[in-house]
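Listed below, chain by chain, are the residues.
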Number of protein chains: 2
Amino acid sequence: MNTRAQIFLHSMPTLSEVAHLAGVTSATVSNVLRKRGKVGEQTRLRVLAAVEQLGYRPHLTARALAEGCAPTLALMVSSIANPFYPEFALAAERAARANGRFLIVCNTNDDPATGRAYLDQIAGTLSDGVLVMNANLSIDDLKKTEQRGAPVVLCMWEKLDAPPELPCIAVDFFEAGAIAGRHLIGLGHRHIGALVGSKMNGIHAERYKGYLSACAAAGQKHPQNRTRYIEDSVEAGYESTKALLEAHPRLTAIFASNDLPALGALNAAADMGLKVPQDISIIGITDIQWARLSRPALTTVAVPTVSAAEMAVALLLDLIGKPGQPAAMRVTATPQLIERASTGPAPFDTPLRGAD
Amino acid sequence: MNTRAQIFLHSMPTLSEVAHLAGVTSATVSNVLRKRGKVGEQTRLRVLAAVEQLGYRPHLTARALAEGCAPTLALMVSSIANPFYPEFALAAERAARANGRFLIVCNTNDDPATGRAYLDQIAGTLSDGVLVMNANLSIDDLKKTEQRGAPVVLCMWEKLDAPPELPCIAVDFFEAGAIAGRHLIGLGHRHIGALVGSKMNGIHAERYKGYLSACAAAGQKHPQNRTRYIEDSVEAGYESTKALLEAHPRLTAIFASNDLPALGALNAAADMGLKVPQDISIIGITDIQWARLSRPALTTVAVPTVSAAEMAVALLLDLIGKPGQPAAMRVTATPQLIERASTGPAPFDTPLRGAD
């Protein structure tokens, strides 16, 4: 192989090379590829044959510029290493691909400055829309992004009763918390501890309110000192479960506002020599894949992650190119109880663990 | 707010508006932003003030076109929902960002056609380089991508002794398998079962060879019927551990070529009423985050995931714009044994579990 042939192998065929081979103008090739303008069937087939023969690929970046829109969507998450996000990201990417877009995952590390830098560098240029998962971004920064022409959709929003400040996909997390509370109360639990994440931005407040409403509906009191406001992590769930059980030995159940702290609670119980669910029941919210893989498998309230991701992409695509619309809220299907092995009837008494 | 103001809010300031406000040419603004050409300090400050005042952001897509390179790297994985990939993706994204690039995660779902579609649509246009994790892509498709001008780097390659067909970051997985084997043998285990993933593409062959070499070095035989070739998943590890232990009740340890099947083996032991490590020891390879979070916590051989991701991005950036170089191999630090609670001394005998 001589040098010229080698160089040719490394360069991409251009639109004009396709046009030359097909004996048409570049504009005609462009029309065929974009299914625009009037092109005779014979010409169309000749162009497609030339495209095939040369292995020509439309230059997405160039096309994006020409059409005034970029071919990617951005997904802002705190960290893709948090086991909740990959399932959402996978579903969002599939929905984006089905609509001809690629997905850029942006990890903010819960740092507003990192998030702002992403929004400034990507929104409206490389990405023409932004999906926001809990990434600790300010509403102001997001509104500025929207005002610059890049629509924003908040995914898995919690407050169904407040008019949203930005378009959002909402989940009835209040009901998720209520379902978890009713499940524990229905099993006879009267002394329940609560792990509520996260302290920093209070995003799990609705879940906790739902849990408290289930207690109130059952005429049951939940003393405030049985609640710990913690980070949304396995480690924080582990440490605070140990602290809660040491402070309140009569607890027979733990309500956790998310699966990660609930999985940490399982580990704490194991390391304290407590049997789950014979000595203590534990319930989470979300149903991440490790909920079914833990031993005992975790009872949880499943939220519709995959359909929320699909709804978020659909809403974002609806908004792209139509700035200035009022913020829309679309609500997912209601969360569902998934009973596994980590919850069971409350023990009759807990004499070995002393008084509360 | 009148309509014109509203429209202005939704449009982005242009380079020429910045130039107009600063009283300079567009070329000067461009030079300032790219730190090129000679620009006086007064002029530079005036341009930066105008950029700030108008909220101008360089149009990345336009810049990419002008400079002949796109601002993203593509990462091909089978599925971001496999718990190994998010940690790699997070590290790769950070390394890409530190070099002014964004990362597009492409899930192939282990389908060569999906992978090929991604390569055709993205490589050399939206992305100017491709990182490939185990995504079931053909070497031919990847070589074609490279020949079109988009460099490819194979991440976490396994064969140190063969000249690579494509640039790669290699991990000494043979040694990882040998470390796991020596650990079990050193604890007195003589009857060991092996879970080797994955059947489809045999990517774990080196790990298994390393394990077998440790057996051979200790003068220990590993009968072939104690090995199961399985998918790289928790579920497959669970099912095949049950099958192995039923077929070979005298087994006192399980070597798994990856953490996911090892975690499945832990669950199988728990569900069969076996104590880990008193009745059976289990070891994996990789050290994903769930290895330390499982109960008992999983003993494993840690591979340097984060530094492999950083090395892969660095190699890819070295190759971008320099096609036709011979394929380079860079090797990460050697994997390390992480002793946790899932391995212990072999039991003296296993009378209750009968003959092998």
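Keep in mind that this is a model prediction, so the values were computed, not measured.

Quick notes on the rules
Residues numbered from 1 in each chain as written. Chains lettered and ligands numbered in written order. Predicted model: local features only at pLDDT ≥ 70, side-chain atom pairs only at ≥ 80, totals over all residues. Heavy atoms only, no water. Helix = DSSP H or I, 4+ residues; strand = E, 2+ residues; numbered from the N terminus. Buried < 20%, exposed > 50% of the residue type's maximum accessible area, 1.4 Å probe, protein only. Contact = heavy atoms within 4.5 Å. Areas by Shrake-Rupley, 256 points an atom, 1.4 Å probe, with all protein chains shown as cover. Pairing = 2+ DSSP bridges. Axes fitted to C-alpha atoms, helices over the stretch in contact; angles between N-to-C directions. Phe/Tyr/Trp six-rings, centres within 6.5 Å; stacked < 30°, edge-to-face > 60°. Polar contact = N/O pair within 3.5 Å; in protein donor to acceptor, adjacent residues only side chain to side chain. pLDDT = per-residue confidence, 0-100. Right-handed = clockwise from strand over helix to strand, strands pointing away.

K.L.:
What should I look at first to understand the overall build of chain A in this one?
P.N.:
Secondary structure assignment for chain A yields 14 helices and 12 strands. Looking at chain A as a whole, 52% of its 356 residues qualify as buried. Residue pairs at least 24 apart in sequence account for 71% of intrachain contacts in chain A once pairs closer than 6 positions are excluded. When the accessible area of chain A is evaluated, it comes to approximately 15200 Å², of which 53% is carbon and sulfur surface.

K.L.:
I keep staring at the sheet that holds strand β12 (residues 336-338) of chain A and nothing clicks. Help me out?
P.N.:
By definition, the strands of a sheet pair up through backbone hydrogen bonds, in either a parallel or an antiparallel sense. All names here are of chain A. Sheet architecture is open: six strands sit in the order β7-β6-β8-β9-β10-β12, paired in mixed fashion. In the strand order of this sheet, the two ends are held by β7 (227-230) and β12, each with one partner. Direction aside, the axes of adjacent strands within the sheet are offset by 20° on average. The sheet contact formed by strand β6 (residues 192-197) and strand β8 (residues 253-256) spans four bridges and is parallel.

K.L.:
Mind showing me how you'd approach the packing of aromatic side chains here?
P.N.:
The description of an aromatic ring pair uses the distance of the two centres, along with the angle that the planes make with each other. Tallying each qualifying case throughout the model produces 11 aromatic pairs over all chains. Seen from their ring centres, W290 of chain A and W290 of chain B are 4.7 Å apart, and the 15° between their planes marks the pair as stacked. Here W290 of chain A is found in helix α13 (residues 289-293), whereas its partner W290 of chain B is found in helix α13 (residues 289-293) on a different chain. For the residue pair W290 of chain A and W290 of chain B, the accessibility class agrees, reading buried in each case. Ring geometry for Y208 of chain B against Y229 of chain B: centres 6.1 Å apart, planes inclined by 85°, an arrangement best described as edge-to-face. Of this pair, Y208 of chain B sits in helix α10 (residues 205-217) while Y229 of chain B sits in strand β7 (residues 227-230); the two residues are 21 residues apart in sequence, bridging distant segments of the chain.

K.L.:
Just to check I follow, could you spell out the side chain of N107 of chain A for this structure?
P.N.:
With respect to the helices and strands, the residue N107 of chain A is situated in strand β2 (residues 102-107). Engagement of the side chain of N107 of chain A in a polar contact is seen with the side chain of E93 of chain B, the distance being 2.9 Å. With residues up to four places along the chain from it excluded, the contact list for N107 of chain A reads V77, S78, S79, I80, T114 and Y118 of chain A together with L90 and E93 of chain B.

K.L.:
Explanation requested: the confidence of the model for chain A in the structure shown.
P.N.:
Segments scoring low in pLDDT should not have their predicted coordinates read at a detailed level. Residue and element names in this part refer to chain A. Put simply, chain A has an average pLDDT of 86, and 87% of its residues get 70 or more. Low pLDDT (under 50) marks residues 64-69, which in the prediction has 11 contacts with non-local residues, meaning those over four places away or in another chain. Counting interchain partners and residues more than four positions distant, the pLDDT-below-50 stretch residues 351-356 has 14 contacts.

K.L.:
Is there a simple way to think about the pairing of strand β9 (residues 281-286) of chain B in this case?
P.N.:
Successive side chains on a regular strand alternate, one facing one side of the sheet and the next facing the other. Residue and element names in this part refer to chain B. Within β9, six of the six residues are buried, which leaves it mostly tucked inside the rest of the structure. Here strand β8 (residues 253-256) pairs with β9 via three bridges, running parallel. Of the residues in β9, the one forming a bridge with A253 is S281. On the question of chirality, the crossover connecting β8 to the parallel β9 by way of helix α12 (residues 259-271) is right-handed. Examined bridge by bridge, β9 and strand β10 (residues 299-302) share four bridges and lie parallel to one another. Bridged to I283 within β10 is T299.

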